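Remarks on the overall topology
What follows is the residue order along each chain.
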Amino acid sequence: MGTARQDIAQSSTEAKKGTIIFLWVALSIIFFHFVLYIVSCSLLLTQAAEVNSSFAEGAVRDHGLYMVMNSVSLLRGYLIISACYVIVLFPIVKIWIGKKQFTRKSIILRTLFLMLISLSALIFRMMVFKPYFVAQWIPEWQSQIMPGAPGILKSITLWTLLNGIPIVILLVVSVFWIRFLVSLPRAMGNIRFKIAPIMVTAGIMISLGIGIKILQSSLTKDSESPNIIIIASDSLRSDHLSCNGYERKTSPNIDKLAAQSQNFTKCFTPIGSTLESMISLFSSQYPHSHGVRQMFPSKKIVDRVNTESPKLPEILGDSGYDTAVIGDWCSAIFNEVPMGFEDVQVSEFDSFRIWLSQALYLSHPVIPLYFDNKFGYWLFPKLESFAHYLRTEVVTDRAIAKIKYRRNKDRPFFYTIFTGCNHFAYHAPYPYYEKWTDPNYKGPNKYQVHFDPNEFVSNPSWDKPYTSYSDKEKQHIIDLYDGCVSRFDDCVGRILKALEQQKLMDNTIILITSDHGEDLFEPNTTITHGVSFNGGDQGNLVPCILYVPKMEPKKINQIVRNIDISPTILELTGQTKENRFEGVSLMPSIRNPQHSLGLSFYGETGFPFIQRAIPGEKVLKIPSMDQLTYVDKDFDFHIVLKDMHRAAIISGKERCLRTEEWKLVFTPGAQSPIHRLYHIPSDPNCMKNVSHENPETLERMKYHLWQWIISGKESNSSEILEGKMPETYEIPSRFHNIEFSLDNEDNST
């Protein structure tokens, strides 16, 4: 009897001891995270005070309450983290104390010590796998993880430190909690007995459901109509794929597909900007026809596209196709212009409030540390709209799941997978950021290109510092970009493998492409896209690798446009021709590569994010982005071009006409139009203006370019170089004296 009482007393003491430890562990963790929350909010306020732009003023004046509510909503994450830490650290602290005497101070110190160890490990993990997050806070931060170590040794060591040890700790914690649950009063046995039949019944029902689904799947016959998949990466340059002659083996999976495909090596987009280019791809129309000519359109213009423009996904959907677009923040445009896709699995559109939310979330280090994962995207959906989150690998997982588990297998499918893998600022996780870079590099662009978003908004010459970069610095940035290419290629490989596993390769048309190319320090360029035609074709040249089952593979080295893709897909799938399409089907050149389509490339620039520069010329001066745009409260807080600047923006665009041999660029000058003529075979980087040496070619190219600018009339290559010319023609006066009126600005924010 005395022994029993002693056992009861000991159990009671142990329970009381455990309760005290649990309480102070929990309070310590909550206090730690509360301090971290306050510091993070203070960091945001400090950063906001340093911003000097009209957008910053509008953010405080019109969106202050929104920011406060978003800050409060982040407390959910801190509470969840705290709960997880209590579950993990309580057993460790309790085991650590053992049967020794303890005080509140000893519990608090042990807990805070373990918190700091854990936080250090997580930061180290982020430094290895996602260093671009750290680089945002500390641009000059440098780190070399096991330099010179063999790849296998490095991988094993990192896995042991960052995965193996945490797994062991979690196993110990799990054993603790299992023993705790087993030791619960026997009364719990009655509850377990009562719920057992319910659990068995639920298990049977779930098994039956799965069995029925499997049976349905096995009995459903795949559609005989060809499936279509477009896989695209924002800013992917065609000439940085090894299948197109690049010296690095950046794209083995795409290379393998290209060897079985129709590889169009001269495919151009009419505008080097995502929103406008993707509309052109799916509507087969030039920007002047569908109406979206820069990336900040008004609601009226967007509504016009949604109601009037032809749309390939809509046409295919009406003929029985299952259509879907899957992507990240770069695909958010499809929330604005769905282009007829039935299923739109993309991020929230990049509105001004998304920009504000990104600034808020990035000021809280706990977000990338704990919530850059599927659970985090569910808890904080806005994360999917930020450039550093919703990784390409997650988009690839979603695409593969869509392919494997599609509901109506008797319907053919048309899926577009579009990611921001190659987009500026060229950040990529381990191991891609070190795949092509020099391990000895030291500088501000170690893991991504460093740039100031506030300068981007308020200064059209924000890229000027890049002009003074050394060749070594420029090469490092190109190396980072190539790492992004390799990352995209790996994701393409995973999708192709899923298609093979599902036995779909023999009945699926696949297109590898992009929305536009990218400037990478070509002559008279820095880095970005869509702002000029300097340096060559790199800004508008896109991959066009078209896999058509059972069709003889070939390289086709003649000019085509992304507006030609939709007509080609319609013909390949046996659909009726869409008369509103402005592109042409590429099938004649696919059937016979010697057949010349005689196409020419007509292009225009997008929104003028960067002040153009032409050596020896005075070009039109461009106001800053925050002067040209405003936040439209009636259009879901989208950033919209001010009406007062619309005409000047359109007239102030560069235009380009390119044949196989010649390229003419029109640039609005400070006082009059500037025309530059380049001979592509001898000058692919467009460094020497040969207008004076070739006056007849210059006049022919000018005439046909201006016919397109003024009336939208295209001419084929033979018409341009051999057709009849008028005696005179005029360049409209609106292109001579372009002015941006910055007086009496409206105060819309």
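Conventions and cut-offs
- Residues numbered from 1 in each chain as written.
- Predicted model: local features only at pLDDT ≥ 70, side-chain atom pairs only at ≥ 80, totals over all residues.
- Heavy atoms only, no water.
- Helix = DSSP H or I, 4+ residues; strand = E, 2+ residues; numbered from the N terminus.
- Buried < 20%, exposed > 50% of the residue type's maximum accessible area, 1.4 Å probe, protein only.
- Lys, Arg positive; Asp, Glu negative; His and termini not counted.
- Salt bridge = Lys/Arg side-chain N within 4 Å of Asp/Glu carboxyl O.
- Polar contact = N/O pair within 3.5 Å; in protein donor to acceptor, adjacent residues only side chain to side chain.
- Contact = heavy atoms within 4.5 Å.
- pLDDT = per-residue confidence, 0-100.
- Pairing = 2+ DSSP bridges.
- Axes fitted to C-alpha atoms, helices over the stretch in contact; angles between N-to-C directions.
- Parallel < 35°, antiparallel > 145°, perpendicular 65-115°, else oblique.
- Left-handed = near helix turned anticlockwise from the far one by under 90°.
- Nonpolar A, V, L, I, M, F, W, Y, C, P; charged D, E, K, R; others polar.
- Phe/Tyr/Trp six-rings, centres within 6.5 Å; stacked < 30°, edge-to-face > 60°.
- Lys NZ or Arg CZ within 6 Å of the ring centre and 35° of its normal.

1. Here's the deal with the side chain of Lys-446
Summarising the element assignment, Lys-446 is placed in the loop between strand 6 (413–419) and helix 18 (453–458). One buried charge, Lys-446, has no salt-bridge partner; the nearest side chain with opposite charge is Glu-434, at 7.3 Å. Here the side chain of Lys-446 touches Tyr-441 through a polar contact of 3.4 Å, landing on its backbone oxygen.

2. Focus on the environment of Leu-236
Structurally, Leu-236 is set in the loop between strand 1 (227–233) and helix 8 (252–258). With 186 residues separating them in the primary sequence, Leu-236 and Asn-422 have C-alpha atoms 5.8 Å apart. When residues no more than four places from it in sequence are discounted, the contact partners of Leu-236 are Leu-241, Asn-422, Tyr-481, Val-485, Phe-488, Thr-513, Ser-514, His-516, Gly-517, Leu-541 and Pro-543.

3. Some words on the confidence of the model for the chain
Fine structural detail should not be taken from predicted coordinates in areas where pLDDT scores are low. Residues at a pLDDT of 70 or more form 87% of the chain, whose mean pLDDT is 87. This stretch, residues 744–749, has a pLDDT under 50; its non-local contacts, to residues over four places away or in other chains, come to 15 contacts.

4. Quick word on the sheet that holds strand 2 (residues 262–264)
Strand pairs in the sheet, formed through backbone hydrogen bonds, run parallel or antiparallel to each other. With mixed pairing, eight strands are arranged side by side in an open sheet as 5-4-6-1-7-11-2-12. In the strand order of this sheet, the two ends are held by strand 5 (343–345) and strand 12 (554–556), each with one partner. Averaged over all pairs of adjacent strands, the angle between their axes in this sheet comes to 10°, without regard to strand direction. Bridging between strand 4 (residues 322–327) and strand 5 involves three bridges; their strand directions are parallel. Pairing of Val-325 across the sheet is with Val-344, part of strand 5. Docked against the sheet, helix 17 (residues 392–404) engages strand 1, strand 4, strand 5 and strand 6, running at close to 165° with respect to strand 4. Relative to the sheet, helix 21 (residues 565–572) contacts strand 1, strand 7 (508–513) and strand 11 (544–547), its axis offset from that of strand 11 by approximately 5°.

5. Brief notes about the pattern of salt bridges
Counted under the stated rule, the structure contains 24 salt bridges. With a shortest N-O distance of 2.8 Å, Glu-522 and Arg-237 are connected by a salt bridge. With Glu-522 in the loop between strand 8 (519–520) and strand 9 (527–528) and Arg-237 in the loop between strand 1 and helix 8, this pair connects stretches of sequence that are 285 residues apart. Look at Glu-522 and you get buried, because its relative accessible area is 12%. The buried category is assigned to Arg-237, whose relative accessible area is 4%. In this structure, the salt-bridge partner of Glu-308 is Arg-304, at a minimum N-O distance of 3.9 Å. Residue Glu-308 and its partner Arg-304 are both found in helix 11 (residues 299–308); the two are separated by four residues, about one turn of the helix. Here Arg-304 falls in the partly exposed class, since its relative accessible area comes to 36%.

6. Overview of the environment of Cys-243
Along the polypeptide, Cys-243 turns up in the loop between strand 1 and helix 8. Residues Cys-243 and Asn-263, 20 residues apart in the sequence, show an inter-C-alpha distance of 9.1 Å. Leave out the neighbours within four places in its chain, and Cys-243 touches Ser-251, Ile-254, Asp-255, Ala-258, Asn-263, Ile-545 and Lys-555.

7. Observations regarding the packing of helix 17 against helix 20 (residues 471–501)
At a closest axis distance of 10 Å, the pairing of helix 17 and helix 20 adopts a crossing angle of 15°. In this view, helix 17 runs roughly parallel relative to helix 20, as classed from their interaxial angle. Between helix 17 and helix 20 lies a crossing whose hand is right-handed. Every residue of helix 20 that contacts helix 17 at Thr-392, Glu-393, Thr-396, Asp-397, Ile-400, Ile-403 and Lys-404 is listed here: Arg-487, Cys-491, Arg-494, Ile-495, Ala-498, Leu-499 and Gln-501. When the residues that make up the contact of helix 17 with helix 20 are grouped by side-chain class, the tally is six nonpolar, three polar and five charged.

8. What to know about the packing of aromatic side chains
A full pass over the atoms with the stated rule returns 39 aromatic pairs. Considering the side-chain rings of Phe-176 and Trp-177, the 5.4 Å spacing of their centres and the 90° angle between planes classify their relative orientation as edge-to-face. Centre to centre, the rings of Phe-282 and Phe-414 are 6.3 Å apart; their planes meet at 65°, and the pair counts as edge-to-face. Residue Phe-282 is located in helix 9 (residues 274–283), and its partner Phe-414 is located in strand 6; the two are separated by 132 residues in the primary sequence. The burial state of Phe-282 is the same as that of Phe-414; both residues are buried. Through successive ring pairs, a cluster of aromatic residues spans Phe-296, Phe-424, Tyr-426, Phe-451, Phe-456, Trp-462, Tyr-466, Tyr-469, Tyr-481, Phe-607 and Phe-609. The ring of Tyr-66 has Arg-353 sitting right over it, with the charged end atom 4.2 Å from the ring centre. The aromatic ring of Phe-637 is capped on one face by Arg-353, whose charged end is 3.8 Å from the ring centroid.

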